[in-house]
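# Fold and geometry: a report
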Amino acid sequence: MPRKGYRKGYLYQEPPGQRYCVFHKALHPLEEFPPGSGGKPSSWCRLAYTEYRRKEREGVPRAHGSQAYRRIKVLQGYGAKCAACGNTDPLVLQLDHVDPELARQQKALCKERGRKFSTFAYEDAIARNYPDTYQILCSNCNSRKRLDVGGRAEWYAEMLKKE
Ligand SMILES: [Zn+2]
Ligand SMILES: [Zn+2]
């Protein structure tokens, strides 16, 4: 008796002895699935776990000339630390244009030449030996800088005091 289920937004049917593998988006024999939580077989087959781990390992950035490589150079050049709050988590650190006007000009230039803005800024910072027109900010402090214009932080603080 085929079992009907609803997974990842669409209806699927599992014939007896088979199970739908969410990773491969295909049916495999039931014995290919390791036991999962709650006594039910896992939603990924065994091979899926192996493939996923391998992909993850290969995904570790190291290639010269890649975006990750440029990012590492930039973080080393400026010191991998948020200039505003001191956060050192490399996953949230960003290269910031100290002067937003310079960022706007670069963005326009990149659009004109069909270049990626973040790559352009990384390459510019590296080529000019890390000038102080850039700084490192964490994503929080970068958002604050972008949003806190015209006393907006004070305005929110006032509004939050009200009922
Ligand atoms: Zn599978
Ligand atoms: Zn910060």
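The notes below deal with the structure included here. (Residues numbered from 1 in each chain as written. Chains lettered and ligands numbered in written order. Predicted model: local features only at pLDDT ≥ 70, side-chain atom pairs only at ≥ 80, totals over all residues.)

### Observations regarding the packing of helix H3 (residues 100-113) against helix H4 (residues 117-127)
Put simply, H3 and H4 touch, their axes get as near as 9 Å, and they point 115° apart. In this structure, the crossing between H3 and H4 has a hand that is right-handed. Two secondary-structure elements touch here, H3 through Gln106, Lys107 and Cys110 and H4 through Phe117, Phe120 and Ala121. Residues that form the contact of H3 with H4 fall into these classes: 4 nonpolar, 1 polar and 1 charged. (Axes fitted to C-alpha atoms, helices over the stretch in contact; angles between N-to-C directions. Helix = DSSP H or I, 4+ residues; strand = E, 2+ residues; numbered from the N terminus. Left-handed = near helix turned anticlockwise from the far one by under 90°. Contact = placed C-beta atoms within 7 Å. Nonpolar A, V, L, I, M, F, W, Y, C, P; charged D, E, K, R; others polar.)

### Quick look at the environment of Tyr130
As for its position among the elements, Tyr130 is in the loop between H4 and strand S6 (134-138). Considering only alpha carbons, one finds Tyr130 and Gln76, 54 residues apart in sequence, at a separation of 9.7 Å. Tyr130 has contacts with Gly77, Tyr78 and Ala125, leaving out every residue within four places of it along the chain.

### As for H3
The terminal C-alpha atoms of H3 lie 20 Å apart, and with 14 residues this matches the ideal 20 Å at 1.5 Å per residue to within 8%. Counting buried positions over the 14 residues of H3 gives 0, only a small fraction of the element. Once H3 finishes, Gly114 follows within two positions and takes phi at roughly 65°, a positive value. (Expected span 1.5 Å × (residues − 1). Buried ≥ 20, exposed ≤ 12 C-beta atoms within 10 Å, placed from the backbone.)

### Overview of the nonpolar core
Among the nonpolar cores identified, the biggest contains 12 residues, and these are Val74, Cys82, Leu93, Leu95, Ala121, Tyr122, Ala125, Tyr134, Ile136, Leu137, Cys138 and Cys141. Elements that contribute at least two residues to this core include exactly strand S5 (93-97), H4 and S6. When residues in this core are grouped by element, the largest group, 4 residues, is from S6. In this view, Cys82 contacts Asn87, Leu93, Ile136, Leu137, Cys138 and Cys141; residues no more than four positions away in its chain are not counted. (Core = buried A, V, L, I, M, F, W, Y, C linked by C-beta atoms within 7 Å.)

### Quick notes on the environment of Thr88
Relative to the helices and strands, Thr88 is located in the loop between helix H2 (67-78) and S5. Expressed as a C-alpha distance, the spacing of Thr88 and Cys138, which sit 50 residues apart in the sequence, is 8.2 Å. Apart from residues lying up to four places away in sequence, Thr88 is in contact with Ala80 and Lys81.

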